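Now for the letters of each chain:
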Amino acid sequence: MRMIQPVQQQNYFMRVNGQHQSTVALPPQEMIEYTISPSNIVLFHGRHFLSTLYQTRKKEAILQSTMTIDNFNYPSVEHYYQNGFQACKLYTLAGSESAKRISGLIEASQCKSVARNILNAINVPKGRSTICAACPRVVLTTVQVEAWRRTDAPEILLYACVSKFAQSRELREKLLNTGDALLVHTFEKDNLYAVGMSEEATKKWAEANNGKKIRVPRYFYKDWFVQSERLPTYNRKGRNILGVMLMAIREAFRPEGGRADPQIIDIIDKIHGPRY
């Protein structure tokens, strides 16, 4: 794995605790180059510890809280992503009353499916104006799930994933133990946050491309994720946004911190205290 020359200058805008926070300009984007290898790739989906559906269990029972954000407990990243206070899909796209309908659900997969069913039932039309709960000053004139996934969602997901690993030594150590492996979210129905392929198809892709290089951004600059064509594709299909985020979070927790994104370190230090 090696660093590639900078691409362009960027400004850092990150939402923390539901509010927009801005800082000084960061360095130009840099790319980290990984070597594709069937022996150095971690594929995840479902209840894998890297997945948004992962929940802490004790003797097969799901614990009520995997992480705490803004004094609210969430059983999984998926719970925050779907129904987090002031920053979630349902609050933004369907309003507070719809969001209340999943507030008591413990199982992450159920939370995800119920949220999807609510949005399908509401069928919010184009052109309808609504206030974005994640940023009350912004009026959304076209509220669609796909548009949300390409605007507010990347910041929300990054924030939740950082919280998940910052608050659990066990999960943090498991993440660091993946070394320099390429982290790939395998889900054939998602070609944005996953690679748009099943685990079996992704294994075949890794075998067919053994020894080749793939480049991912070092810094979380929002437009690199919103304009996802800047991200590499896997077999000309998915963009693997979740996997790219997790590799950046992994760098932030390394003791040497040489390739760490200072934005992510800043989030960890400001919200959760020292990284270790």
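Residues numbered from 1 in each chain as written. Predicted model: local features only at pLDDT ≥ 70, side-chain atom pairs only at ≥ 80, totals over all residues. Heavy atoms only, no water.

A. Molecular detail of the overall build of the protein chain. Counting its regular elements, the protein chain contains 11 helices and 13 strands. Each of the 276 residues in the protein chain was classed as buried or not, and the buried ones make up 50%. The contacts in the protein chain between residues at least 6 apart in sequence include a share of 65% that link residues at least 24 apart. Accessible surface computed for the protein chain: about 13000 Å², of which carbon and sulfur atoms make up 48%. (Helix = DSSP H or I, 4+ residues; strand = E, 2+ residues; numbered from the N terminus. Buried < 20%, exposed > 50% of the residue type's maximum accessible area, 1.4 Å probe, protein only. Contact = heavy atoms within 4.5 Å. Areas by Shrake-Rupley, 256 points an atom, 1.4 Å probe, with all protein chains shown as cover.)

B. Highlighting the environment of Gly179. Examined against the element boundaries, Gly179 turns out to sit in the loop between α7 (169–176) and β12 (182–185). Sequence separation between Gly179 and Glu251 is 72 residues, and the spatial gap between their C-alpha atoms is 9.7 Å. With near-sequence residues (within four places) excluded, Gly179 lies in contact with Arg250 and Arg254.

C. The packing of aromatic side chains, seen in detail. Per the stated rule, a full pass over the model turns up 4 aromatic pairs. Relative to Tyr80, the ring of Tyr74 has its centre 5.2 Å away and its plane inclined at 80 degrees; by these criteria the two rings are edge-to-face. Taken individually, Tyr74 and Tyr80 each receive the classification buried, so the pair is uniform in this respect. Linked through ring pairs, Tyr74, Tyr80 and Tyr159 together constitute an aromatic cluster. (Phe/Tyr/Trp six-rings, centres within 6.5 Å; stacked < 30°, edge-to-face > 60°.)

D. Molecular detail of the confidence of the model for the protein chain. On average, the protein chain scores 76 in pLDDT, and the residues at 70 or more come to 63%. Strand β5 (residues 41–44) holds the highest mean pLDDT among the elements of the protein chain, 98, whereas strand β11 (residues 139–140) holds the lowest, 37. Note that residues 9–24 has pLDDT below 50 and, in this model, 48 contacts with residues that lie over four places away or in other chains. Contacts for the low-pLDDT stretch residues 124–143, under 50 throughout, to residues beyond four places or in other chains number 41 contacts. (pLDDT = per-residue confidence, 0-100.)

E. Spotlight on helix α8 (residues 199–208). When we look at burial in α8, the residues that qualify are Thr202, Trp205 and Ala206. Angularly, the buried residues of α8 cover 100 degrees about the axis, an arc narrow enough to put them on a single face. Projecting away from the buried face of α8 at angles above 90 degrees are the exposed residues Lys204, Glu207 and Ala208. Buried-residue contacts for α8 involve β5, β12 and β13 (213–217). (Arc of directions from axis to C-beta.)

F. Layout of the nonpolar core. Leu50, Phe165, Leu182, Trp205, Tyr234, Leu246 and Ile249 are the most contacted members of the largest nonpolar core, which has 64 residues in total. Ile249 has contacts with Leu158, Cys161, Val162, Phe165, Leu175 and Ile264, leaving out every residue within four places of it along the chain. (Core = buried A, V, L, I, M, F, W, Y, C linked by side-chain atoms within 4.5 Å.)

G. Molecular detail of helix α10 (residues 241–253). With 13 residues, α10 extends 19 Å from end C-alpha to end C-alpha; this agrees with the ideal 18 Å at 1.5 Å per step. Among the 13 residues that make up α10, 13 are buried, leaving the element largely enclosed by the rest of the structure. (Expected span 1.5 Å × (residues − 1).)

H. Representation of the packing of α7 against α10. Packing of α7 against α10 brings their axes to within 9 Å, and their N-to-C directions diverge by 105 degrees. Between α7 and α10, the interaxial angle falls into the category roughly perpendicular. For the pair α7 and α10, the contacting residues are Arg172, Leu175 and Leu176 in the first and Leu246, Ile249, Arg250 and Phe253 in the second. Class assignment for the residues of the contact of α7 with α10 results in 5 nonpolar, no polar and 2 charged. (Axes fitted to C-alpha atoms, helices over the stretch in contact; angles between N-to-C directions. Parallel < 35°, antiparallel > 145°, perpendicular 65-115°, else oblique. Nonpolar A, V, L, I, M, F, W, Y, C, P; charged D, E, K, R; others polar.)

I. Summary view of the pattern of salt bridges. Overall, the coordinates contain 8 salt bridges when judged by the stated rule. Salt-bridge contacts for Arg218 lead to Glu30; the nearest nitrogen and oxygen are separated by 2.8 Å. Placement of Arg218 in the loop between β13 and α9 (222–226) and of Glu30 in the loop between β3 (19–26) and β4 (31–35) is noted, with a sequence separation of 188 residues between them. Residue Arg218 shares its accessibility class with Glu30, and that shared class is buried. Of the charged contacts in the structure, one is a salt bridge between Asp180 and Arg259, with a shortest N-O distance of 3.4 Å. Pair noted here: Asp180 is in the loop between α7 and β12 and Arg259 is in the loop between α10 and α11 (262–272), with a separation of 79 residues, a long-range link. Salt bridges linked by common partners bring Asp180, Glu251, Arg254 and Arg259 together as one network. (Salt bridge = Lys/Arg side-chain N within 4 Å of Asp/Glu carboxyl O.)

J. Geometry of the packing of helix α6 (residues 153–166) against α10. Remark: α6 packs on α10, axes separated minimally by 10 Å, with the N-to-C direction vectors making an angle of 45 degrees. Between α6 and α10, the angle falls in the class oblique. Of the two possible hands of crossing, α6 and α10 adopt the one that is right-handed. Side by side, α6 and α10 meet where Pro154, Leu157, Leu158, Cys161, Val162, Phe165 and Ala166 of the first sit next to Leu242, Met245, Leu246, Ile249 and Phe253 of the second. (Left-handed = near helix turned anticlockwise from the far one by under 90°.)

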